[in-house]
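Now for the letters of each chain:
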Amino acid sequence: MNTKTIKIFDTTLRDGEQSPGASMNTEEKIQIALQLQKLGVDIIEAGFAAASSGDSDAIRRISEQVEKSTVCSLARALPKDIEAAAHAIEPACYKRIHTFIATSPIHMEYKLKMTPELVIKKAVEAVEYAKTFVDDVEFSCEDAGRSDIGFLKEILDAVIKAGAGTLNIPDTVGYRMPNEMGAMIKELYDFVGDKAILSVHCHNDLGLALANSIASIENGARQVECTINGLGERAGNAALEEIVMVLKTRKDIFGEYKTNINTKEIYPTSRLVANITGIIPQPNKAIVGKNAFAHESGIHQDGVLKHKETYEIMKSEDIGLNHNSIILGKHSGRHAFKQRVKDLGYSISDEELDEAFIKFKDLADKKKEIFDDDIRAIVTSEITKIEEIYKLIGMQLSDCSGGVPTAAISIKHNDTIIKDAAIGDGTIDALFKTVDRISGISGELVDYKVDAVSKGKDALARVVVKVRFEDSKMPVMGHGLSLDTMEASTKAYVGALNSYLSMKK
Ligand code: KIV
Ligand code: ZN
């Protein structure tokens, strides 16, 4: 059988970051990019360089560190965007500029206010200009899912001649049915032949992103654009883990296709992205949800115990999920901890390891069993730590029922310990108001999420908050980890404050 390689183009750091609330800082993006490289992703879309200096800086830092995967920046079909993209990816070993323009009648008329002829001209100019910086240029027809196929052929023909090596067909608004998507890709594949690689980029507005990506592969697409955990604009993009596991699990249908993904890195990558973005996949999410390999009913449990394949079509080990993951306890030493951190795929500095080890010991003193997910949460919080301009030292609460919820907090700032107290409408309100009094900066809580990192009554609580401070338009995110939910909440709020102040600096 002739093997066909499907390139995996990951856009977690670009389209994924467009998920409401998923913004990441540069250090966090670097950690994710390095993990994506380990996962075996062919192309990492590291951001949209022209969007902001922060994006540009993150792409450049990623380009300096990633060695195996191609690093790509998105750019509108504008010279200034292409220059920004070229500058940001300049240090990369393998680099790509991904330029795009909309091709659907509705986008051309109302958004671009351009005639179809002008759109083709801009596309050709953009590809030609991008080619002056890099060999590898991708062109996308934004909203291809609602574009006229005759016009798509016309523009694709023109950009191939201008030098585009990859032609991406996005279903930008997740509109297509799988049979329609397949038919469109087949017609374009017959038209393009081997002059360029056809790619798809499917959004999940109707829950069809995976089906549309698979239908495209069956009809000639040789690159799929996707994200970890299906993050992305609105309802998200096709999930990388789902596409890859469909191809792997249904070898009877897809045996001729191969990807370069090391599936054992899927679960660690999913956890890393979830820990960093604070967006935890729903429990019943395919492949990486908490329940994806859990069997609840007696009949299922009995069947699985007798023969795993009665109810399991995939092995959890294949995605790097180790069920027997009770690993360390309070007697474990630094060496065992270091080895476990390494086995979990992290490469961290000695200083970060020391700090993470202190947190681990502290946790092990209070909690009997430490799971892999606990270690992942501790290490991620360490490597993505920002400067602690304010640091929580201690807190006390009184909220007996019928009473007035009251919080007293001590916080270190500029080597001084500041103490204060406040009452609130509830405990969280009292805590956050006290932090506001101490810092003199008032925050509006926009979002609050709490979940258990692992299992058991003594599980670590992970809190993610989004707070808008002073008159800033953009809310900032903060994470907090603790066995005590109130402490985790306060740490998250103080973390958001530190993030806000660092950004201001
Ligand atoms: O959904 C979309 O059309 C995009 C393009 C910029 C590729 O994200
Ligand atoms: Zn998109």
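Please read all numbers here as calculations on a predicted model, not as lab measurements. (Residues numbered from 1 in each chain as written. Chains lettered and ligands numbered in written order. Predicted model: local features only at pLDDT ≥ 70, side-chain atom pairs only at ≥ 80, totals over all residues. Heavy atoms only, no water.)

What's the story with helix α5 (residues 116-131) in this structure? I'm lost.
Note on helix geometry: an α-helix contains 3.6 residues per turn, so any two residues three or four positions apart are oriented the same way. Look at α5: 23 Å from first C-alpha to last across 16 residues, which is about the 22 Å you get at 1.5 Å a residue. Of the surrounding elements, those touching the buried residues of α5 are α3 (79-89), β5 (95-102), α4 (105-112), β6 (136-142) and α6 (149-162). (Helix = DSSP H or I, 4+ residues; strand = E, 2+ residues; numbered from the N terminus. Expected span 1.5 Å × (residues − 1). Contact = heavy atoms within 4.5 Å.)

How should I be thinking about the pattern of salt bridges in this particular structure?
Any two side chains of opposite charge can pair, on the condition that their charged atoms come close. Going through the model one piece at a time under the given rule, you end up with 36 salt bridges. Across the pair Asp 374 and Lys 367 runs a salt bridge, and its minimum N-O distance is 3.1 Å. Both residues of the pair, Asp 374 and Lys 367, belong to the buried class. Between Asp 447 and Lys 466 there is a salt bridge whose closest N-O contact spans 4.0 Å. (Salt bridge = Lys/Arg side-chain N within 4 Å of Asp/Glu carboxyl O. Buried < 20%, exposed > 50% of the residue type's maximum accessible area, 1.4 Å probe, protein only.)

How should I be thinking about the coordination of the zinc ion (ligand 2) in this particular structure?
Each donor-metal-donor angle in an ideal tetrahedron of four donors is 109.5 degrees, and each such angle in an ideal octahedron of six donors is either 90 or 180 degrees. With distances of 2.0 to 2.1 Å, the protein atoms coordinating the zinc ion (ligand 2) are Asp 15 (OD), His 201 (NE2) and His 203 (NE2). We note that the donor set of the zinc ion (ligand 2) lies within a single chain, spaced as D-x185-H-x1-H. The burial state of His 201 is the same as that of His 203; both residues are buried. (Donors = N, O, S within 2.8 Å, 3.2 Å for Na, K, Ca; no water.)

What is the right way to read the sheet that holds strand β15 (residues 416-423) from this model?
Hydrogen bonds along the backbone pair up the strands of a sheet, which may run parallel or antiparallel. The antiparallel open sheet is built from three strands, whose spatial order is β13-β14-β15. In this open sheet, the two edge strands, each paired with only one partner strand, are β13 (390-398) and β15. Adjacent strand axes in the sheet meet at a mean angle of 20°, parallel and antiparallel pairs treated alike. Across eight bridges, β13 lies against strand β14 (residues 406-413) in antiparallel orientation. Following the sheet pairing, Lys 391 is matched in β14 by Lys 412. (Pairing = 2+ DSSP bridges. Axes fitted to C-alpha atoms, helices over the stretch in contact; angles between N-to-C directions.)

It is not clear to me how the domain arrangement of the protein should be interpreted in this structure. Could you clarify?
Often, the extent of an interface is quoted as the loss of accessible area on bringing the components together. By the assigned domains, the protein splits into domain 1 (4-277), domain 2 (295-322), domain 3 (324-385) and domain 4 (390-504). Here domain 2 and domain 4 have C-alpha centroids that lie 40 Å from each other. (Domains from an automatic or database assignment.)

What am I meant to see in unusual backbone geometry here?
If a residue is not glycine, its phi is most likely negative; likewise, a peptide bond is most likely trans. Its identity as a non-glycine residue notwithstanding, Lys 113 has a phi of 55°, on the positive side. Its place among the elements puts Lys 113 in the loop between α4 and α5. Positive phi is not limited to glycine here, since Glu 470 has a value of about 45°. Its place among the elements puts Glu 470 in the loop between β17 (461-469) and β18 (476-482). The class of Glu 470 is partly exposed, set by a relative accessible area of 39%.

Looking at this model, I keep getting lost on a positive patch on the surface. Mind explaining?
On the surface, a cluster of positive charge is contributed by Lys 248, Lys 251, Lys 264 and Lys 315. Residue placement: Lys 264 occurs in the loop between β10 (257-258) and α11 (266-277). Taking relative accessible area as the criterion, Lys 264 reaches 44% and is therefore assigned partly exposed. (Patch = residues over 30% accessible without salt bridge, like charges linked within 9 Å, V, L, I, M, F, W, Y side chains within 5 Å. Areas by Shrake-Rupley, 256 points an atom, 1.4 Å probe, with all protein chains shown as cover. Lys, Arg positive; Asp, Glu negative; His and termini not counted. Charge placed at Lys NZ, Arg CZ, Asp CG, Glu CD.)

How should I be thinking about the side chain of Glu 138 in this particular structure?
On the secondary structure map, Glu 138 appears in strand β6. Side-chain polar atoms of Glu 138 contact the side chain of Gln 223, separated by 3.3 Å. Apart from residues lying up to four places away in sequence, Glu 138 is in contact with Phe 9, Arg 96, Ile 97, His 98, Thr 99, Thr 166, Asn 168, Ser 199, Gln 223 and Glu 225. (Polar contact = N/O pair within 3.5 Å; in protein donor to acceptor, adjacent residues only side chain to side chain.)

Looking at this model, I keep getting lost on the site of ligand 1. Mind explaining?
Neighbouring ligand 1 are the residues Arg 14, Asp 15, His 98, Phe 100, Ser 140, Glu 142, Asn 168, Pro 170, Thr 172, His 201 and His 203. Between an oxygen atom of ligand 1 and a side-chain N or O atom of Asp 15, the distance comes to 3.1 Å. Between ligand 1 and the protein, one listed contact pairs an oxygen atom with a side-chain N or O atom of His 203 at 3.0 Å. Looking at the shell around ligand 1, the elements that each hand over two or more residues are β5, β6 and β7 (166-171). Residue composition of the shell around ligand 1, grouped by class: two nonpolar, six polar and three charged. (Near = heavy atom within 4 Å. Nonpolar A, V, L, I, M, F, W, Y, C, P; charged D, E, K, R; others polar.)

It is not clear to me how the environment of Ser 73 should be interpreted in this structure. Could you clarify?
Take Ser 73: it is sitting in strand β4 (residues 70-76). Linking Ser 73 and Gly 165, residues 92 residues apart in sequence, is a C-alpha distance of 15 Å. Ignoring anything within four residues of it in the chain, the contact list for Ser 73 reads Glu 45, Gly 47, Phe 48, Ala 49, Ile 59, Ala 85, Ile 89, Arg 96, Ile 97 and His 98. Here Ala 49 takes part through its backbone nitrogen, which lies 3.2 Å from a polar atom of the side chain of Ser 73.

Would you mind going over the pairing of β17 with me for this structure?
Every regular strand shows the same layout, with side chains that alternate between the two sheet faces. Among the nine residues in β17, eight count as buried, and that is most of the element. Note: β17 against β18, seven bridges, orientation antiparallel. Bridge pairing links Arg 462 to Leu 481 in β18. The hairpin turn running from β17 into β18, its antiparallel successor, is six residues long, and Glu 470 in that turn takes a positive phi close to 45°.

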